Amino acid sequence: MNRLFDKTFWGLTIGLVGLLALNFFLEEWMRSIGLQSLSRGCVAIGLLILWRTGLVSFGHALFFGFGAYTVAMMQILGVNDLFVLLICGMATAGFLAFFLGFLLRKYRAIFFALLNMAFSMILYGVLAKAEWLGSTDGFGVKQVSFIGMTPADDMYRPLLFVCAAFFAYISAVGAHWYLKSTLGMMTMAVRENEIRVEYLGYSAEKAIHVKYVLSGLLAGVGGVIMAVTVGHVDPDSMVYWPVSGDFVFITILAGTGNVGATFIGALVYELLRTYAFEFAPHLWQLILGGSLLLIIMFLPDGLWSIRSELRNRRELRQAKRDSDNRAAEVRR
Amino acid sequence: MTSAISTSTVRLVGVAVAGALALSAGAALAQTVKIGTPTFLTGAAAPAFGIPAKNGVELIVRGINNGELPAPYNTKGFAGRQVEALIYDEAGGGTKQVTEMRNKVQKDNVDAIIGIISSGTCAATTALSEELKVLTIQTVCGTTRVFEELNKDPKYVFRTINTATANNVSAARYIAAKMKGKVKGITGINQNYAWGQDSWRDFRLAMATLMPDVTATKKPQFPKIFSGQYGTEISALSRAKENLVHSSFWGGDLEAFIGQSSARGLFKRKLFVLTVGETVAYRLGKKFPQGIMVGTRGPYGMYVANDPSPINAWFQKEYRKAYGEPPSQPSYQYAQGYLAGKFAYDDAAKKAGKFPTTEQVIASLTGATFPSFVGNVTMGLSKGHQIVTDDRWGVTVWDDKKGEMVLEDVVIFPPGCVNPPNGVKSADWLKGGMKGAKC
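Everything numeric here is computed off the predicted structure, so don't read it as measured data.

> Any chance you could explain the overall build of chain A here in plain terms?
The helix and strand tally for chain A stands at 14 helices and two strands. Radius of gyration (C-alpha) of chain A: 21 Å, near the 20 Å computed for a compact globule of 332 residues. The burial tally for chain A puts 52% of its 332 residues in the buried class. A total of about 15,600 Å² of accessible surface is found on chain A, and carbon and sulfur atoms cover 70% of it.

Quick look at the structure:
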């Protein structure tokens, strides 16, 4: 039991409670930034799972877009319930990841990263060229219902925020438990020495396949949340390669130390983008790029490393004090 | 029950705080009308579209705030209040634009949105404008989907430019009127995305009705957007048996295409229709091909460079003075959005006897006929939310004396000639042979 309900679990739970409380005070534009952070955070957890094995994907917008487009297409078919849409979005993204996984699990490093990108760009090409798929204009996404309930207008977005927070919470806790399980831990061994893992009797490819499907599912969740939040899907903001880049950006920003950190990373990214956009309308891309550079130079392990950095310093100081004390005692 | 009480208490406190903030903010800013204006400040659409649009806005806002414009716009501001334009970048896709519009309305408290270039942005933000109940005047985007599919019963959203359909219909009418016998089949090169696909389809359908014996190619060229290299497409167009080329290229792609085609003499061998060609004509100067048809989607830019109407004369003179170049279509189209705003605010204030509410402004703009740069324009379609203007076509020729490109052989098509009757969908109208057109 204690293995499951550890510090991170309680941290995430407190985070969820905090979000739900905050929901009452948030102004609408802040709630909107929060919803987008939750969405991108879910995808970034998927990337984190892959990252622990040393795999980087430059194409997770593929699954993100699949989740988002599933929402739009299901609405055209008449399905309009958030929970049904979530399950459908996860299912399509998950199935796609399952099938692509058979191929992608054979590749590592840059080949893995770019193959993912290639697949996402194929989807982009198909969406942009097919008029019946909305072409570059995409589709509008209508307001959804919640298990059959349609809330009053002013309660709609707060309720959406509650649901998104729960989805993100479940995703994060699930991912955390997975990473702590034998299968999850093993993938770190895969990164260090694949051949040795095979000798121990595990299949590295299968382990990676599982990871890939999980990351696809999480990206699907993110896509569903984003589609409903924004009320619109189009290939340029859902599937194009810079979107995948955003997710990698967030993962680097947050660091891979902890699943909770990805949401902080996503929030910092959203705020950075919003304010860069506001204060430097001609140069906002430069500010984003510059901050990424600074992060890589000064915090190579992401925002989460601030915490361990502080702890290390405290321990160092403590150790120094201890040794000073001991030296003083000896002198005495 | 407890939770409901605590919720309402929390809300009450929130409302009180927000109210206090609003009061203090309101006291400081009582005399301005804030307008959010998205336009491309970065990326491929900035040089030919975004920056001229921004220049047009800055000029017209100066004119409105100082009362410099000729009558009937010679009063200061919108309904007496100074206009503050918050210009922001339209780059980054639909999701980004939805977020930004929300920020502008809910964080910066703008009173209205005037702008938007890309059809993608219009499609993405239309529902949001209605949800946020913010007056939105779309100025450049041409997709018919805005009022025919996405927002069939508009209240807060208006558009002060003809649809893309009108532009392609008038191009076909010009060809039918001026080039009978010269055209032996049509082909096209358009970017492979919504704008390019729609443009080619509308043009082909209009031509099929007006010149049924002219055949359209079965293999129109659809290169990728922003590809910049058109070697193979130009070869294919040179060899094609059809002798008229339709293109809705714009921005950097258009400049690249013109450069590469000129080098290979394509403009001498084929007739050309460039539906938004005027956007780069001034920029390229003498390098822009002569003897081709260019469009401005209405009475804007090159087509009205010499029009003596007072508002237009003011705009031409001041724009050239401020920016050292003539205004092209985006400058006009954005400025026209602001004129619509001024008309609606002033008219609503006159009717209300005080500074109007958004609802009163909307009532004034719905179905209105207001003076623009060249004569009156009418919000004639989609329940009074979609403008109809005339559309003009002519052929480019270099004017040595003026040192700039001008147009000759210009034909003006009245609004009813190029737009479907009220209530008819553009696509149905085109497929049905454009019945009810008044030319």
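> Where do I start with the domain arrangement of chain A in this structure?
Interfaces are often sized by the accessible area lost when the parts come together. Here the domain parsing of chain A yields domain 1 (11–301) and domain 2 (304–332). Between the C-alpha centres of domain 1 of chain A and domain 2 of chain A there is a distance of 40 Å.

> For this particular structure, what's the right way to read the interface of chain B and chain A?
Chain B puts 37 residues into the contact, and the matching count from chain A is 34 residues. Where chain B abuts chain A, roughly 3,100 Å² becomes buried across the two surfaces, and 54% of that area is made up of carbon and sulfur atoms. The largest contributions to the chain B side of the interface with chain A come from Thr95, Lys96 and Lys107 of chain B, which together make up 19% of the buried area. Inspection of the chain B/chain A interface yields one salt bridge. Across the salt bridge formed by glutamate 28 of chain A and arginine 102 of chain B, the nearest N and O atoms sit 3.7 Å from each other.

> I would appreciate a short explanation of a nonpolar patch on the surface in the present structure.
Residue and element names in this part refer to chain A. Residues Phe58, Leu103, Tyr107, Ile110, Phe111 and Leu114 make up a contiguous nonpolar surface patch of about 550 Å² in total accessible area. Ranked by residue count, the leading element in the nonpolar patch is helix H5 (residues 109–129), at three residues. In this fold, isoleucine 110 is placed in helix H5. Look at isoleucine 110 and you get partly exposed, because its relative accessible area is 46%.

> Can you walk me through the state of the cysteines in this structure?
Joining two cysteines, a disulfide is a covalent bond between their sulfur atoms. Residues and elements named next belong to chain B. All chains considered together, the criterion is met by two disulfides over all chains. One disulfide bridge connects cysteine 122 with cysteine 141, the sulfur atoms lying 2.0 Å from each other. Between cysteine 122 and cysteine 141, the disulfide has an S-S torsion of -85° and is therefore left-handed. With cysteine 122 in helix H4 (residues 119–132) and cysteine 141 in the loop between strand E4 (135–138) and helix H5 (145–150), this pair connects stretches of sequence that are 19 residues apart. Accessibility expressed as a relative area gives 0% for cysteine 122, which makes it buried.

> Before we go on, may I ask you to explain the packing of helix H12 (residues 310–323) of chain B against helix H13 (residues 329–352) of chain B in this structure?
Residues and elements named next belong to chain B. Their axes nearest at 13 Å, the elements H12 and H13 cross at an angle of 130°. By the angle between their directions, the pair H12 and H13 is classed as oblique. Classified by chirality, the crossing of H13 by H12 is right-handed. Residue-level inspection shows Ile311, Asn312, Phe315, Gln316 and Tyr319 of H12 in contact with H13, the latter providing Ser331, Tyr332, Ala335 and Leu339. Among the residues making up the contact of H12 with H13, the classes are represented as six nonpolar, three polar and no charged.

> Explain the pairing of strand E1 (residues 32–39) of chain B here, please?
A regular strand carries its side chains on alternate faces of the sheet. Residues and elements named next belong to chain B. With respect to burial, E1 is a largely interior element, seven of its eight residues being buried. Relative to strand E2 (residues 82–89), E1 runs parallel, the two being bridged by eight bridges. Across the sheet, threonine 32 pairs through a bridge with glutamine 82, a residue of E2. For the crossover from E1 across helix H2 (residues 46–66) to E2, the handedness is right-handed. Bridging between E1 and strand E3 (residues 112–115) involves two bridges; their strand directions are parallel. Residue pairing in the sheet places isoleucine 35 in a bridge with alanine 112 of E3.

> It is not clear to me how the environment of leucine 294 of chain A should be interpreted in this structure. Could you clarify?
Structurally, leucine 294 of chain A is set in helix H13 (residues 284–298). Distance in space between the C-alpha atoms of leucine 294 of chain A and tyrosine 275 of chain A is 17 Å, their sequence separation being 19 residues.

> Would you mind showing me how to read the side chain of aspartate 390 of chain B here?
Residues and elements named next belong to chain B. Locating aspartate 390 in the fold gives a position in the loop between strand E12 (386–388) and strand E13 (391–399). A distance of 3.1 Å separates a polar atom in the side chain of aspartate 390 from a polar atom in the side chain of arginine 392. Those residues in contact with aspartate 390 that sit more than four places away from it in its chain are Asn162, Gly298, Pro299, Ile412, Phe413, Pro414 and Pro415.

> I'm lost on the pairing of E4 of chain B in this one. Help?
The alternating pattern of E4 of chain B places Leu135 and Ile137 of chain B on one face and Thr136 and Gln138 of chain B on the opposite face, and all of these are buried. As for the winding sense of the linkage, the β-α-β connection from E4 of chain B through H5 of chain B to strand E5 (residues 157–159) of chain B is right-handed.

> I tried to follow helix H3 (residues 61–76) of chain A on my own but got confused; where do I start?
Three- or four-residue spacings in an α-helix give side chains the same orientation, since the helix completes a turn every 3.6 residues. Residues and elements named next belong to chain A. Relative to the 22 Å expected for 16 residues at 1.5 Å per residue, H3 spans 22 Å between its end C-alpha atoms, a close match to the ideal helical length. Counting buried positions along H3 gives 13 out of 16 residues, so the element sits mostly inside the fold. Glycine 78 lies just past H3 and shows a positive phi near 105°.

> Quick question: what am I supposed to make of the nonpolar core here?
Across soluble globular proteins, nonpolar side chains have a tendency to be buried as a group. Counting 166 residues, the largest nonpolar core has Phe63 and Val233 of chain A together with Ile60, Phe78, Phe315, Tyr338 and Phe373 of chain B as its most contacted members. Ranked by the residues each element gives to this core, the list is headed by helix H6 (residues 153–180) of chain A, at 14 residues. Sequence-distant contacts of phenylalanine 315 of chain B, defined by excluding residues within four places in its chain, comprise Gly56, Leu59, Ile60, Pro327, Ser331, Tyr332, Ala335 and Phe373 of chain B. Counting 55 residues, the second largest nonpolar core, distinct from the first, contains Val169, Phe267, Trp393 and Trp429 of chain B.

> Before we go on, may I ask you to explain unusual backbone geometry in this structure?
Most of the time, phi is negative for any residue but glycine, and the peptide bond is trans. Residues and elements named next belong to chain B. A cis geometry characterises the amide bond from alanine 71 onward to proline 72, with omega recorded as 5°. With respect to the helices, strands and loops of the structure, proline 72 is situated in the loop between H2 and E2. If you check the backbone angles, lysine 133 has positive phi at about 55° while not being a glycine. Counting through the fold element by element, lysine 133 comes out in the loop between H4 and E4.

> I tried to follow the domain arrangement of chain B on my own but got confused; where do I start?
Residue and element names in this part refer to chain B. The domain boundaries assigned to chain B delineate domain 1 (31–162 + 307–388) and domain 2 (165–296 + 390–431). Taking only C-alpha atoms, the centre of domain 1 and the centre of domain 2 are 27 Å apart. On the domain 2 side, the residues contacting the 23 residues of domain 1 number 28 residues. Between domain 1 and domain 2 lies a buried interface of about 1,900 Å² when both sides are counted; carbon and sulfur atoms form 54% of it. Ranking the residues of domain 1 by area buried against domain 2 places Glu148, Asn162 and Gln329 at the top, with a combined share of 27%. The interface formed by domain 1 and domain 2 holds one salt bridge in total.

Conventions used here
Residues numbered from 1 in each chain as written. Chains lettered and ligands numbered in written order. Predicted model: local features only at pLDDT ≥ 70, side-chain atom pairs only at ≥ 80, totals over all residues. Heavy atoms only, no water. Helix = DSSP H or I, 4+ residues; strand = E, 2+ residues; numbered from the N terminus. Rg over C-alpha atoms; globule rule 2.2 N^0.38 Å. Buried < 20%, exposed > 50% of the residue type's maximum accessible area, 1.4 Å probe, protein only. Areas by Shrake-Rupley, 256 points an atom, 1.4 Å probe, with all protein chains shown as cover. Domains from an automatic or database assignment. Contact = heavy atoms within 4.5 Å. Buried area = accessible area lost by both parts, 1.4 Å probe. Salt bridge = Lys/Arg side-chain N within 4 Å of Asp/Glu carboxyl O. Patch = residues over 30% accessible without salt bridge, like charges linked within 9 Å, V, L, I, M, F, W, Y side chains within 5 Å. Disulfide = S-S within 2.5 Å. Axes fitted to C-alpha atoms, helices over the stretch in contact; angles between N-to-C directions. Parallel < 35°, antiparallel > 145°, perpendicular 65-115°, else oblique. Left-handed = near helix turned anticlockwise from the far one by under 90°. Nonpolar A, V, L, I, M, F, W, Y, C, P; charged D, E, K, R; others polar. Pairing = 2+ DSSP bridges. Right-handed = clockwise from strand over helix to strand, strands pointing away. Polar contact = N/O pair within 3.5 Å; in protein donor to acceptor, adjacent residues only side chain to side chain. Expected span 1.5 Å × (residues − 1). Core = buried A, V, L, I, M, F, W, Y, C linked by side-chain atoms within 4.5 Å.

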